[in-house]
Amino acid sequence: MKSSKIRLGIKSALYNFSTLWILLVILIFFSVTGRGFVSGGNISNIINQASFLCIIGVAQLIVILAGGVDLSIGSIMALSTVLCGPMFLAKSNTFFLIPVLLTLLFGGLVGLINGLMVTKLKIPAFLATFAVMYAARGAAWLYIGKGVYYGINKSIRYWATGCLFNIGSFRVTVPILVVLLFLVIMSFFLKKTILGREIYFTGANKTAACFAGIPAHNIIIWSHVLSGLISSFAGIMYVARINAADANLGVTYHFDAISVALIGGAVFSGGSGSVWGVAGGALIISIIQSGMNNLRVPTELQTAFLGLVIIVAVFLNQYLQTKQMSLEDKQIEKA
């Protein structure tokens, strides 16, 4: 009896940490095949690259958890930062928190529009956010044209480019700590707060959520608002990193966000996925990109290989989650 429980526990751990196992396999592969891949400096660069993917991945995760999808993430990043672009500049002499708060507000408003279109107009999330993707991008182009706001306030740039200290060749940067804090807060929010748990419940079974007294439509709206807020936060971090804001920011980032969320264990049917899974998914993509650059793989092959890895990772996660659900059913039956 005890040995049976131990076996079930081992299987459960294997199924629950599927993203971690995929991450370890890829890391070992590139460590063996590439020179200097596991150096402190390279690992630091990988984590820095993954930090940005983590933010947009969490923005996408929240909407997917509620049973939807958000294709407007990149456009929200562009529009919200472009609207506040002049205030981001060092020469504007504007207190740096003002454009930051306004950018978050604009992002939340676009998210609110997405949520209202999905719930009040009954437009599927894919189509609603697809339309907003083009509308927001077009608005950004109309506002700034072909111009670029260059020379971002140093106080804002510090949060995306600053370095705190070194551990050997490993650089502990400000964005690493910012994103780590962000992940902790978002994990607590989704797992421990009423709204977070209701997002999971709504995505898992919208009808059951309604019968349980959960205002499913309001939850869906909130999920899009939060996605908009987080997307604009990602926009701020990215603009600070590249020292410029323009309307072409994040053209394909909605695809990156979906990839990271799905590799991290989220499912389009909703109700499944975690913030730490998204972090694992972001690291997987960053490790693959760094590893292939280290091996000097041509860009065309990198894109094809990354696509293949995404397919395999998503398939494995779906397969292992199905196994986990079957295992939980067996445990309930034995109890």
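This structure is a prediction, so every number in the text was calculated from the model and none was measured.

Re the packing of aromatic side chains
Within a pair of aromatic rings, the relevant descriptors are the distance that separates the centres and the angle that separates the planes. What the rule picks out here adds up to 10 aromatic pairs. On the basis of an interplanar angle of 40° and a centroid distance of 4.9 Å, the ring pair of F52 and Y238 is categorised as tilted. One end of the pair, F52, is in helix α3 (residues 40-65); the other, Y238, is in helix α12 (residues 216-242), and 186 residues separate them in sequence. For F52, a relative accessible area of 6% translates into the label buried. Here F126 and F130 contribute two aromatic rings whose centre-to-centre distance is 6.1 Å and whose plane-to-plane angle is 5°, an arrangement assigned as stacked. Within this pair, F126 and its partner F130 are both found in helix α7 (residues 125-144), separated by four residues, close to a single helical turn.

Brief notes about a nonpolar patch on the surface
On the surface, a cluster of nonpolar side chains totalling about 870 Å² of accessible area is made up of Y158, W159, L164, F165, I167, L177, L180, V184 and W276. Of all the secondary structure elements, the ones that give two or more residues to the nonpolar patch are α8 (154-161), β2 (163-167) and α9 (174-192). Within the element layout of this structure, L164 appears in strand β2.

What about unusual backbone geometry?
Not every positive phi belongs to a glycine, and N93 is a case in point at roughly 60°. One can find N93 in the loop between α5 (85-88) and α6 (97-119). Residue class for N93 comes out exposed when judged on its relative accessible area of 70%. The backbone phi angle of K122 is positive, close to 60°, even though this residue is not glycine.

Describing helix α4 (residues 73-83)
Burial within α4 is extensive, with 10 of its 11 residues counted as buried. Those residues of α4 that sit buried are I73, G74, S75, I76, M77, A78, L79, S80, T81 and V82.

Focus on the packing of α3 against helix α13 (residues 253-263)
For the pair α3 and α13, the least separation of the axes is 8 Å and the interaxial angle reads 75°. Comparing their axes, α13 and α3 come out roughly perpendicular. Contacts between α3 and α13 involve F52, L53, I56, G57, Q60, L61 and I64 on the former and, on the latter, Y253, H254, D256, A257, I258, V260 and A261. For the contact of α3 with α13, the residue count by class is 10 nonpolar, three polar and one charged.

Here is what the cut-offs are and how they apply
Sequence order as written defines the numbering, with residues in each chain counted from 1. Residues qualify for local features only when their pLDDT is at least 70, as the model is predicted, and side-chain atom pairs are given and counted only at 80 or more; totals for whole chains, interfaces and linings, by contrast, use all residues. With hydrogens and water set aside, each side-chain value is computed from the structure's full complement of heavy atoms. Only Phe, Tyr and Trp rings take part, Trp by its six-membered ring, and two of them pair if their centres are within 6.5 Å. Stacked means planes under 30 degrees apart, edge-to-face means over 60, and tilted covers everything else. Only runs of H or I of at least four residues qualify as helices and only runs of E of at least two qualify as strands under DSSP, and these elements are numbered from the N terminus. The cut-offs for exposure are 20% and 50% of the maximum accessible area for each residue type, with area from a 1.4 Å probe on protein chains only; residues under the lower value are buried, those over the upper are exposed, and the others partly exposed. Patch membership is restricted to residues that have no salt bridge and whose relative accessible area is over 30%. Joining uses 9 Å for like charges and 5 Å for the nonpolar side chains Val, Leu, Ile, Met, Phe, Trp and Tyr. Every accessible area reported is derived by Shrake-Rupley at a probe size of 1.4 Å, with residue values counting cover from the shown protein chains alone. The salt bridge definition used is simple: a Lys or Arg side-chain nitrogen within 4 Å of an Asp or Glu carboxyl oxygen. Only C-alpha atoms enter the line fits that serve as axes; for helices the fit covers just the stretch in contact. Angles between N-to-C directions range over 0 to 180 degrees. Working rule for angles: under 35 degrees goes down as roughly parallel, over 145 as roughly antiparallel, 65 to 115 as roughly perpendicular, anything else as oblique. A contact between two residues is defined here by any heavy atoms of the two lying within 4.5 Å. All amino acids are sorted into three groups, where Ala, Val, Leu, Ile, Met, Phe, Trp, Tyr, Cys and Pro are nonpolar, Asp, Glu, Lys and Arg are charged, and the leftover types, Gly among them, are polar.

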